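Coordinate analysis (summary)
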Amino acid sequence: MDPRFIGQSVRRQEDDSLLRGTGKFVDDLDPHGLTHAAFLRSPVAHGRIRSIDTSFAAQVPGVIAVLTLADLRPVLTSDRLPVQFKSDGLPPNIGPYILAKEEVVYVGETVALVIAESRAIAEDAVALIDLDIEELDPVTGCQQAVQPGAPKAALDRSNNIYAQFDMGYGDVDQTFADAAHRVSLALVQHRGGAHPIEGRGVLAHPDPMSGQMTVWSSTQQAHEARGFLIELLGLDETLLRVRTPEVGGGFGAKYLLYPEEVSVTAASLLLGRPIKWIEDRREHFLAAIQERDQFWDVEAACDASGKLVGIRGTMIHDGGAYVPQGVNLAYNAATAVPGPYDLPNYKLSVQAVATNKVPTIPVRGAGYPEGTFVMERVLDALADAAGLDRIEIRRRNLIPVSAMPFSTPLKSRSGSGITYDSGDFHAMYEQALKEIDLDGFADRKAKAAQAGLLRGIGVACGIKGTGRGPYESATVRIGKSGKVTVFTGAMPMGQGLKTALSQITAESLGVDPGDITVVCGDTNTISLGLGGFASRQTVVAGSSVSVAAKAVRDQALHIAAGLFEADVGDIELVDGMARVKGTEIQTSLKELAKIAGGSPGYSLPTGVTPGLEATEYFMPTGLTYGMGVHAVELEVDAETGAVTLQRYVVVNDCGRAINPKIVVGQIHGGVVHAIGNALFEFMGYDEQAQPTTTTLADYLMPTAPEIPRIDVHLAEYPSPLNPLGVKGVGEAGCLPTAGAIVSAIENALGAKNNMIQRIPVMPQDLFQFIQQGKQSSAA
Amino acid sequence: MKASPFAYFAPDTLQEALDLLGSLDNAKILAGGQSLMAMLNLRYAMPDQLVDINGISDLAGITEQGGRLSIGAMTRQRVLERDSLLFQKAPIFREALLQVGHIQTRNRGTIGGSLCHLDPAAELPALAMLYDATLIARSAKGERALPMAEFPAFYMTPALEPDEILTRIDFDAWPQDSHFAFVEFSRRHGDFAIVAAGCLFSLSPSGTIERAAIVLGGVGAAPMRLTEAENSLIGQVPGRAAFEAAARAAQDIEAMEDSVYSAQYRCHLSEVMTRRALTKAWDRHQERAA
Amino acid sequence: MTNSAETLHTVALTVNDVPREGTCVARQNLADFLRHDLHLTGTHVGCEHGVCGACTVLVDGQAVRGCLMLAVQAKGRSVTTIEGLTRSDQELGVLQEAFSQHHALQCGFCTPGILMTLVEVLQDDPDPSEMALREALSGNLCRCTGYQNIIDAALAAAAALRQNQK
Ligand code: FES
Ligand code: FES
């Protein structure tokens, strides 16, 4: 039977309330007796706290409490947050403090907390807290961090190294010795912040009736947050519930339990009052995680035909002042280098180091964009060295469809192998070239030249591991009301996940997706969940929902078959009814649910088990990999260094698209985020590690006029690794973007030798390159 | 962040406002608020008193007498952008205003607010400089007229006394057939320019340039006129050679630098933007003529 | 600098065609006043420094940043928020419907500001070009959609509205 709902761009069930302004985000919640929190944050990047005097602040009318770590301690089991991903071999003393103890290690670190009748009053009081700090030398950059004699980012650690590891396979050094062409590159990659338009936010709401604390949080991980909160507060699952209202974007910044959530909840436990803290934009700049800097020094070699023989080098990753989550970001970046290409030999030495800046964990893309950028720069450089066309060299190195599934010798951070499960990379590559009209490029370039503009084209590829496990939860239930409800630990933050899950459910149960309620982000409704990271939710939660919905379908068919004395195979579920095919004999799902619910003291019909409900924890055996090709045309104004994007084509493998419109929307968003990384977004710090871009006027996110039309084509190579055949796309759009753009800029300038080694590309830098190019060609 | 507390006054008349300013300590004038409100919310500005002059209706409006335009300080940018009299007499205003912020900020932002905020890259101070406008300020003691050239005291600080209110901006329109253009180099649409250039020139009956004005924004602490470049244009036939020569003069200015853009880059952009402004002005004429 | 002396101001205004009244301190901005005092939480706050555009509402028909205007300045004015675009018992309006059809919203946090801006933009120019729309929306940040579907929805809404006019 052809799918009725899967594969359709059905209307999103999220839209109606959001379009009416009735959707509730965390700052829209306003329980009786609400109080407001504001934080005193460290004004310096590194310092020792001599004293904190809260007495003036406490006297401000409207202030309820001014709290330091010592004040919260009675309800805490630890002063520090744990490292939230399993990470073996990390040094001690790297988890963030809930509020600073004796030392502050980045500008914006939480030091004290004011609870007041309004946020404005709380901020008034914060300004009156007298914080006496002895300033210490900060570590201002990750290259400095590993220099001999560098200051330590935190006094209780033995050095600035969080982790160092080697990754790779083959015998790189041997192959380099007799390779036809060799290049070396020093690449500086900066990826700023996540910047969802809604910042973080938390509301801790104690209920004296139930004794339960409800923590409403704008998070990507309700269950994980609950797990760490109960641990840190010494509670159990019956005493603390985490719920998420609408979440206004996350992009990685909300996949973490932060000091603010813990301290606000702790304060609420102490005071017995509901307390809300809403992150303002300035705080997002100071205290929400970023992805920021990586420095790569790599050499690469290819044979005479342009086929890769090896890449080797080093990478230093700026981990920031604490390690709240692990070093997965650096790890992912390193594993992403080979990408969709056949790289026979690879060796990379990685150091993740401490600086006195806000911690880094994955932002949308999670290290893959950096690894991808390195490979794309390498290919450009090798093409130039070998005298090959840049487009051709990629063609020669893409993994052929005949090699699928293709296992690289690398392991993902969970320890499982990296196997590209499906896809015809060459076909996608050629499609992208066709869609951007490569043949017509020369004409367009000539035309641009007449207007004094340099037009260039660039193509790049990337492949993203998606659908991380170990599992996601889903319960599908048809209640006695007849209502179909899905409960899951998966966490939407704008993707339209509820709609996608409703489509998957509808497919099995024959009800309209719009009639299905999907409940996410409530730890009281389902016991386990991992939430929204790693482009995983449609893959893993979708699969759980699919399996659970099929189980419920089987139950319903079974009951109906018994009721109608028909064969199970003769029953169909359509429009909320179970019907004997081709007849008028039918009953509603509601009736079936009542039967399955039983009647007190009476037996259930033979073979019927209680309830129309099933729970599934789909456990993927490995990541599923979606390849993407980006082709971009742009124009460079050689007089100013300005870059204007003109055409943008994406061909992306999404496995089976559940809702194509949603899939394309995810890719649009990812591409534009990465355009920001490539050309606009720069998080600046001065020589004292003081952030210098702390407003949206200084940190430039792309706006509509800077963005060209993005022409997305979905390639659907079903994944064999999950029952739906889907691959994740939440981050896919971020991967090849910078590589394609930088390559196109160089193409426009007719430049070779990987002139551009740093992103974001600033017009001033580009202008300088252009000038240098003029000088060297004149010489 | 939320603003720190202040006392709020909303006088209906200029006199009341002036009396308040004369008597209050640490007071700030709230015009359109498109810069000040952000600074209040960030607690970069923490006045004790705020005197809101939005209710003073006679501070807004555009009038003309004998070729001299007079714009009330509280005239909204969006009104300037759409005003047909202004468009007819000084069309460069619309061209520049469409590059000022965004619809939402232009709907509130005023010409006087922009002049007093005096961002070095702001368009309206640049236009005031281009037109050699006269700025009229009032205090309880009386009225005074400041030439725009003397209006900037320091970086982002106008030469106004704490008890003074800027009430209007007067300038002479250029002849109807003058040429004009306002161009900017900025990273995103609506951002403050890294360098902006505006120009006006008019021709003698013989077709040579008889009068010219060029202004640069974003380059110095305040918008600056390029007198040398202007002079170099006089008597020239408009066209590439004359424009390039004038633009070269722009290279030699003293430019500021910030954490992102160097002085050298700004100097270079000054040259480019000056040339582009002149060229755009002249091309527009050629296109119309064609 | 304490708030003990902070005067409360009464603000009477019209919101979504309904007369409303609230009290607030002078420093309260309009967006916060609408959200927390009048409980119209559809208007969002994304930066409080006048860049993101999430707080955009109409004041006397003009799109303004709610975070860059004091609530006391709205005395006697007519404010329209997203809640006023369509009555709760009515179907979505043309613009809202186009947003859903074209998948022009993901998390929906930026959406109210964008819709309110577009109300004015489409009134001014019923037949805008794609570039004109992009420029008109340059004061609204969206991190989710990449803008394209927003532009497409606005173009479709403009066409539908022109059709309705005929
Ligand atoms: S909240 Fe007003 S512009 Fe961002
Ligand atoms: S839809 Fe999420 S910010 Fe625009």
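Residues numbered from 1 in each chain as written. Chains lettered and ligands numbered in written order. Predicted model: local features only at pLDDT ≥ 70, side-chain atom pairs only at ≥ 80, totals over all residues. Heavy atoms only, no water.

Along its length, chain A carries 20 helices and 29 strands. Relative to the globule expectation of 28 Å for 779 residues, the C-alpha radius of gyration of chain A, 28 Å, shows essentially globular dimensions. Taken along the three principal axes of its C-alpha coordinates, chain A extends 95 × 75 × 50 Å. Taking the contacts inside chain A whose residues are at least 6 apart along the sequence as the reference set, 80% of them involve residues at least 24 apart. Of the roughly 25,600 Å² of accessible surface on chain A, 51% is carried by carbon and sulfur atoms. Averaging the locations of the 65 positively and 89 negatively charged side chains of chain A gives two centres separated by 2 Å. (Helix = DSSP H or I, 4+ residues; strand = E, 2+ residues; numbered from the N terminus. Rg over C-alpha atoms; globule rule 2.2 N^0.38 Å. Contact = heavy atoms within 4.5 Å. Areas by Shrake-Rupley, 256 points an atom, 1.4 Å probe, with all protein chains shown as cover. Lys, Arg positive; Asp, Glu negative; His and termini not counted. Charge placed at Lys NZ, Arg CZ, Asp CG, Glu CD.)

Residues and elements named next belong to chain A. On inspection of all chains with the given rule, the structure shows 8 cavities of 30 Å³ or more. Size it by volume and the largest cavity reaches roughly 710 Å³. Along the wall of the largest cavity there are 48 residues; nearest its centre are M493, Q495, S535, R536 and G730. Looking at which element gives the most residues to the lining of the largest cavity, the answer is helix α18 (residues 660-680), with 3 residues. Class assignment for the residues of the lining of the largest cavity results in 21 nonpolar, 19 polar and 8 charged. (1 Å grid on protein atoms, 1.4 Å probe; cavity = no way out; pocket = protein on both sides within 12 Å on 5 of 7 lines; lining within 4 Å. Points joined across faces, edges and corners; volume = space filled by probe spheres on them. Nonpolar A, V, L, I, M, F, W, Y, C, P; charged D, E, K, R; others polar.)

Time to look at the packing of helix α11 (residues 368-386) of chain A against helix α19 (residues 737-749) of chain A. All names here are of chain A. Here α11 crosses α19 at 30 degrees, and the two axes come no closer than 8 Å. In terms of their interaxial angle, α11 and α19 are classed as roughly parallel. Read as a crossing pair, α11 and α19 show a hand that is right-handed. Residue-level contacts link F373, E376, R377 and D380 of α11 to A738, G739, V742, S743 and E746 of α19. Classifying every residue of the contact of α11 with α19 by side-chain character gives 3 nonpolar, 2 polar and 4 charged. (Axes fitted to C-alpha atoms, helices over the stretch in contact; angles between N-to-C directions. Parallel < 35°, antiparallel > 145°, perpendicular 65-115°, else oblique. Left-handed = near helix turned anticlockwise from the far one by under 90°.)

A separate point is the pattern of salt bridges. The final tally for this structure, using the stated rule, is 83 salt bridges over all chains. Between E392 of chain A and R396 of chain A there is a salt bridge whose closest N-O contact spans 2.8 Å. Here R396 of chain A and E392 of chain A lie together in helix α12 (residues 390-397), a separation of 4 residues that amounts to about one turn. Judged by its relative accessible area of 35%, R396 of chain A falls in the partly exposed class. Among the salt bridges present, the one from R168 of chain B reaches D170 of chain B, with a minimum N-O distance of 2.9 Å. Here R168 of chain B falls in the partly exposed class, since its relative accessible area comes to 28%. (Salt bridge = Lys/Arg side-chain N within 4 Å of Asp/Glu carboxyl O. Buried < 20%, exposed > 50% of the residue type's maximum accessible area, 1.4 Å probe, protein only.)

What follows deals with helix α1 (residues 14-23) of chain B. Residue and element names in this part refer to chain B. Along α1, the residues that are buried comprise L14, A17, L18, L20 and L21. One side of α1 carries all its buried residues, which in axial view fall inside an arc of 160 degrees. In α1, the exposed positions that point more than 90 degrees away from the buried face belong to G22 and S23. Tucked into the core, α1 has its buried residues touching β1 (7-9), β2 (27-30), β3 (49-52), β6 (134-139) and β10 (165-172). (Arc of directions from axis to C-beta.)

It is worth spelling out the domain arrangement of chain A at this point. Residue and element names in this part refer to chain A. Domain assignment breaks chain A into domain 1 (15-20 + 469-618) and domain 2 (426-466 + 623-779). Of all residues in domain 1, Q495, S535 and V539 give up the largest surface area on contact with domain 2, accounting jointly for 41% of the area buried on that side. Between domain 1 and domain 2 we count 0 salt bridges in total. Between the two partners, domain 1 and domain 2, sit 3 residue pairs in polar contact (both at pLDDT 80 or more). (Domains from an automatic or database assignment. Buried area = accessible area lost by both parts, 1.4 Å probe. Polar contact = N/O pair within 3.5 Å; in protein donor to acceptor, adjacent residues only side chain to side chain.)

Listed by partner, the interface residues are 58 residues for chain A and 57 residues for chain C. Interface of chain A and chain C: buried area, both sides summed, is about 4,600 Å²; carbon and sulfur atoms make up 55% of it. Looking at the side of chain A facing chain C, the largest losses of area belong to L19, R20 and I197 of chain A, adding up to 18% of the total buried there. Salt-bridge contacts for R709 of chain A lead to E130 of chain C; the nearest nitrogen and oxygen are separated by 3.0 Å.

Further remarks concern the nonpolar core. One finds Y346, L679 and I745 of chain A together with F99 of chain C to be the most contacted residues of the largest nonpolar core, which totals 168 residues. With residues up to four places along the chain from it excluded, the contact list for Y346 of chain A reads M167, G168, Y169, V172, I311, A334, V337, P338 and L410 of chain A. Core analysis: the next-biggest nonpolar cluster, separate from the first, contains 45 residues, I516, A596, L724 and V726 of chain A among them. (Core = buried A, V, L, I, M, F, W, Y, C linked by side-chain atoms within 4.5 Å.)

Next up on the list: helix α4 (residues 119-126) of chain A. Structurally, the α-helix is built with 3.6 residues per turn, so residues lying three or four positions apart point the same way. Residue and element names in this part refer to chain A. Most of α4 sits inside the fold, with 8 of its 8 residues counted as buried. By the burial criterion, the buried members of α4 are R119, A120, I121, A122, E123, D124, A125 and V126. In this structure, the buried residues of α4 make contact with β1 (35-41), α2 (55-58), β3 (63-67), β5 (110-116), β12 (275-278) and α9 (281-287).

Moving on to the interface of chain C and chain B. Facing the 32 residues of chain C at the interface are 31 residues of chain B. Summed over both partners, the interface of chain C with chain B comes to about 2,600 Å²; 53% of that surface belongs to carbon and sulfur atoms. By the criterion of area lost to chain B, the three top residues of chain C are R27, E48 and L68 of chain C, representing 25% of everything that side buries. Taken together, the links from chain C to chain B amount to 6 salt bridges.

Attention shifts here to unusual backbone geometry. Here M404 of chain A and P405 of chain A are connected by a cis peptide whose omega angle stands at -10 degrees. Looking at the element boundaries, P405 of chain A is found in the loop between α12 and β16 (406-411). With omega at 5 degrees, the peptide bond leading from G469 of chain A into P470 of chain A counts as cis. Residue placement: P470 of chain A occurs in the loop between β18 (454-466) and β19 (472-478). For D575 of chain A, which is not a glycine, the phi torsion comes out positive at approximately 50 degrees. Secondary-structure assignment places D575 of chain A in the loop between β22 (571-574) and β23 (577-580). With a phi close to 60 degrees, H39 of chain C is a non-glycine residue in the positive phi region. Within the fold, H39 of chain C resides in the loop between α1 (30-37) and β3 (56-59).

Turning to the sheet that holds strand β4 (residues 62-65) of chain B, a few remarks are in order. All names here are of chain B. With antiparallel pairing, the 5 strands of this open sheet are ordered in space as β4-β5-β10-β6-β7. Two strands in the sheet have a free side with no partner beyond their single neighbour: β4 and β7 (142-147). This sheet shows a mean twist of 25 degrees between the axes of neighbouring strands, independent of strand direction. Across 4 bridges, the pairing between β4 and strand β5 (residues 68-72) is antiparallel. When the sheet's bridge partners are listed, T63 is paired in β5 with S70. Each of β6 and β10 is contacted by α1, which is oriented at about 125 degrees to β10, the strand it contacts most. (Pairing = 2+ DSSP bridges.)

All names here are of chain B. Burial analysis of strand β11 (residues 179-185) places 7 of its 7 residues in the buried class, the great majority of the element. Relative to strand β12 (residues 195-203), β11 is paired through 7 bridges, and the arrangement is antiparallel. Pairing of E184 across the sheet is with A196, part of β12.

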